[in-house]
Structure formats: structure tokens, C-alpha cells
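Observations on the three-dimensional arrangement
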Amino acid sequence: MALVSTKEMFDKAFEGKYAIGAFNINNMEVVQAVTRAAKELNSPVMLQVSKSALEYAGPEYLMGMVNAAVEETGVDLALHLDHGPDLETIKKVIDIGFTSVMYDGSHLDFEENVANTKEVVDYAHARGVVVEAELGVLAGVEDDVNVAEEDATYTDPDQALEFIQRTGCDSLAIAIGTSHGAVKFKGEPKLRFDILEDITNKLEAAGIKNYPIVLHGASSVDQDTVAKCNKYGGKLEGSKGIPVEMLRKATSMAVCKINMDTDIRLEMTAAVREVFVEDPAAFDPRKYLGAGRDAVQEMIKGKIINVLGSDNKA
Ligand code: G3H
Ligand code: 13P
Ligand code: ZN
């Protein structure tokens, strides 16, 4: 077994009206939780690594853990760079074996985003690696980016078509109301499915069929998990995620990849906090990190079955 590209995964997901879960990894416990859930349910998954995750764990450790997961599970796993900031980082991960990269030029003006994305696509395609790009600006907080809700902009469907035609990117992340982090909406959750539909219609009218769309910022922020964090000493306020029904609707449309990181962080934190509070004498990291790993594995299984519909598709 080896890491796979996302090409076939997305083709099958589009046809089957389900989506591939893209889960952020930073450490061994999360790699094991995600890939063991995938194995149990015979589901393809994407493991994705941000620039700060690369810095945190180190590329050699990440590759070592991911290769071990490939050996252990035997399911289709793709390894993806999340929010790639520049060509230099992208070259580095392609050299060490990533099968998919994202170039995130969403904060740039259209022409600059097109030019940079095209450069990445040329480099990656020459090496058999697929490219995700982004158009439109999501609200929310990542390590290096903090976008206020009023500065977020929805993806323009005409621009999306032109962007894909000019860059040749293999998938496109769009902004339709999702956002990064645990506080996604102040009022009622709302996603612009009309924009998603418009994008697909324009692509199809231009002869681009079954084009995979990506949703970032798609954690559901389960309120029971938030309550558990807070019960055991956490202080998470105003958290609200994307309702599961909305994600299911997205998978029935052109969305083939759904990104989730916040839900992993919350699940891990709630489980670790519980061990510390329930058993103050515990000081073996295997006890609390193991509890975190088990909780994340169960949560991912729930996502695969109830949100993504990717079980038994590997
Ligand atoms: O969208 C960003 C992901 O949640 C990764 O976050 O940069 O803190 O690793 P990070
Ligand atoms: P969440 O913050 O909703 O988990 O989104 C993660 C993400 O989009 C990673 O790229
Ligand atoms: Zn993201």
C-alpha cells in the first residue's frame, strides 16, 4: 500500500453523492484515531497538515506516522498540505511524498491568486500531485490568519469558473458561509447553497463535469462536547458550528471534501480534561492521551457515517 492521490476518491465521491473527510493531524494520537476509524468503517480519508503542524511535529515525524498508518490500515489515505502559504512550502512537502497540496491565495487579489495558483499547479502536476485552491474569504481564526465576519466574502461563481479554467486546479475551496474555529455564527447558521449550485451550473455549462468543491471550516462543534469541556474546567463561550443536515446537503451537491479540525480539538480536550478532573492522581500521559485518542476515534466514526457517508467506500 502507498498513499493515494485524491483524483479517484473525488470522482467516486461526486458520483456517489458523499464526501471525503479531511482531518487535520498534529500528533500520533490523532493520526491513529482518524486512520483506525477509517479502517473500522472501510472509509477513504484525507490526512491534512497545516504549516504550523509541520513546524510542530516536524516533517520526518509526520511522514513516519502517516506511513505507519498506511501499513496498519490498508485503506485509501491521501496526505494533503492544508492552507499552503507559498511555493517554497509546497515544494518541500511534495519532495517528501505528500500526494495533494492546497495553495491558499484567497487573501490576494484575483489576478495574483490566479498567477500563484497556476505556478503551483504547473509544479505539482509535473510531479503527479493534485492541487486544491481557494477563492473567496472565510471568516474565522487560524494560526496565522484572523478574518473578521464583516471582511469575509462569498465566492463569485463567474470568477470561480474563470479561476478554474485559467489555473487548472483540481479542486476549489469556496466561501459560502462556513468559517474556521469554534464560533462560526453569531445568529442562526446559514450557508449559501444557491452560490454552490450556481458554481456547478456554470462549470457544467462550460463543459467541466463533476468538478469537486471543498468546504473548509466545516466542524459542527457538538454542543455536548463543548458542555463536557466546560464541565471539566474549560471556558468555551459562544461556540456554534455547521449543522449536520447542512453538511449532508453539501455532500449531496458538488462538495467532495469536508475539512474538520476544530471538532478534533474539542473532542480531545474534553476527554483529557475529564481524566484530569475525575482522576487528579493520574500522571501517565498514556492514560489521558489514550482517552483523547479513543474519544476522537469514536467521533470520527460518527462523522464518516452520519455526515460524510464515506463508509464502505475504500
Ligand atoms: O484551517 C486551519 C486548520 O484548523 C489548521 O490550523 O494552522 O492551527 O494548524 P493550524
Ligand atoms: P474547522 O475549524 O471548522 O474544523 O475547519 C478546519 C479547516 O478548514 C482546516 O482547513
Ligand atoms: Zn481551512
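Residues numbered from 1 in each chain as written. Chains lettered and ligands numbered in written order. Predicted model: local features only at pLDDT ≥ 70, side-chain atom pairs only at ≥ 80, totals over all residues. Heavy atoms only, no water.

**A word on the pattern of salt bridges**
- Under the defined criterion, the tally for this structure stands at 17 salt bridges.
- Between Lys257 and Glu132 there is a salt bridge whose closest N-O contact spans 2.7 Å. Taken together, the positions of Lys257 in strand E11 (residues 255-260) and Glu132 in strand E5 (residues 130-135) put the pair 125 residues apart, joining distant regions of the chain. Of the two residues, Lys257 and Glu132, both sit in the buried class.
- The partner of Glu162 in a salt bridge is Arg166, and the shortest N-O contact between them spans 2.8 Å. (Salt bridge = Lys/Arg side-chain N within 4 Å of Asp/Glu carboxyl O. Helix = DSSP H or I, 4+ residues; strand = E, 2+ residues; numbered from the N terminus. Buried < 20%, exposed > 50% of the residue type's maximum accessible area, 1.4 Å probe, protein only.)

**Comments concerning the coordination of the zinc ion (ligand 3)**
- At this site the zinc ion (ligand 3) is bound by His83 (NE2), His180 (NE2) and His216 (ND1), with donor distances of 2.0 to 2.1 Å.
- Of note, the zinc ion (ligand 3) draws all its donor residues from one chain, in the sequence arrangement H-x96-H-x35-H. Residue His83 is located in strand E3 (residues 77-84), and its partner His216 is located in the loop between strand E10 (213-215) and helix H9 (223-231); the two are separated by 133 residues in the primary sequence. (Donors = N, O, S within 2.8 Å, 3.2 Å for Na, K, Ca; no water.)

**Description of the packing of helix H2 (residues 28-40) against helix H4 (residues 59-73)**
- Running from N to C, H2 and H4 cross one another at 25 degrees; their axes reach a closest spacing of 10 Å. In terms of orientation, H2 and H4 fall into the roughly parallel class. Regarding H2 and H4, the two cross each other, and that crossing is right-handed. Of the residues in H4, those touching H2 at Met28, Val31, Thr35, Arg36 and Lys39 are Met65, Ala69, Glu72 and Thr73. (Axes fitted to C-alpha atoms, helices over the stretch in contact; angles between N-to-C directions. Parallel < 35°, antiparallel > 145°, perpendicular 65-115°, else oblique. Left-handed = near helix turned anticlockwise from the far one by under 90°. Contact = heavy atoms within 4.5 Å.)

**So, the site of ligand 1**
- Taken together, ten residues sit near ligand 1, with Ser50, Ser52, His180, Asp261 and Arg265 positioned nearest.
- Within the side chain of Asp261, an N or O atom sits 2.7 Å from an oxygen atom of ligand 1.
- Coverage of ligand 1 by the protein amounts to 86% of the 300 Å² it exposes when considered alone.
- A per-class count over the shell around ligand 1 returns no nonpolar, five polar and five charged. (Near = heavy atom within 4 Å. Polar contact = N/O pair within 3.5 Å; in protein donor to acceptor, adjacent residues only side chain to side chain. Areas by Shrake-Rupley, 256 points an atom, 1.4 Å probe, with all protein chains shown as cover. Nonpolar A, V, L, I, M, F, W, Y, C, P; charged D, E, K, R; others polar.)

**Quick look at the sheet that holds E5**
- In space, the eight strands of this closed barrel follow the order E1-E2-E3-E4-E5-E8-E10-E11, with parallel pairing throughout. On average, each strand axis in the sheet is inclined to that of its neighbour by 25 degrees, with strand direction left out of account.
- The pairing of strand E2 (residues 45-49) with E3 spans five bridges and is parallel. Within E3, the residue paired with Met46 across the bridge is Ala78.
- In the packing of H2 onto the sheet, the strands contacted are strand E1 (20-24), E2 and E3, and the crossing angle to E2 comes to about 165 degrees.
- Packing of helix H10 (residues 244-252) onto the sheet brings it into contact with E10 and E11, and relative to E11 it is tilted by some 145 degrees. (Pairing = 2+ DSSP bridges.)

**Description of the site of ligand 2**
- Residues in close proximity to ligand 2 total 16 residues, the closest being Asp82, Lys184, Ser219, Asp261 and Thr262.
- Here His180 contributes a side-chain N or O atom positioned 3.1 Å from an oxygen atom of ligand 2.
- Between ligand 2 and Gly217, the relevant distance is 2.8 Å, taken from an oxygen atom to a main-chain nitrogen or oxygen of the residue.
- About the coverage of ligand 2: the protein hides 96% of its 310 Å² of free accessible area.
- Only E3, strand E9 (179-180) and E11 provide two or more residues apiece to the shell around ligand 2.
- Residue composition of the shell around ligand 2, grouped by class: two nonpolar, eleven polar and three charged.

**With respect to the environment of Asn201**
- Its location among the elements puts Asn201 in helix H8 (residues 193-205).
- Overall, Asn201 belongs to the partly exposed group, its relative accessible area being 45%.

**Describing helix H12 (residues 285-308)**
- The backbone nitrogen of Arg286 has a side-chain oxygen 2.8 Å away, supplied by the residue at the start of H12, namely Asp284.
- Immediately downstream of H12, the backbone of Gly309 shows phi near 70 degrees, a positive value.

**Digging into the nonpolar core**
- Val101, Leu172, Ile213 and Ile300 are the most contacted members of the largest nonpolar core, which totals 94 residues.
- Looking at this core element by element, the count peaks at seven residues for H12.
- In this structure, Ile300 is in contact with Phe23, Val34, Ala37 and Ile264, ignoring residues within four places of it in sequence. (Core = buried A, V, L, I, M, F, W, Y, C linked by side-chain atoms within 4.5 Å.)

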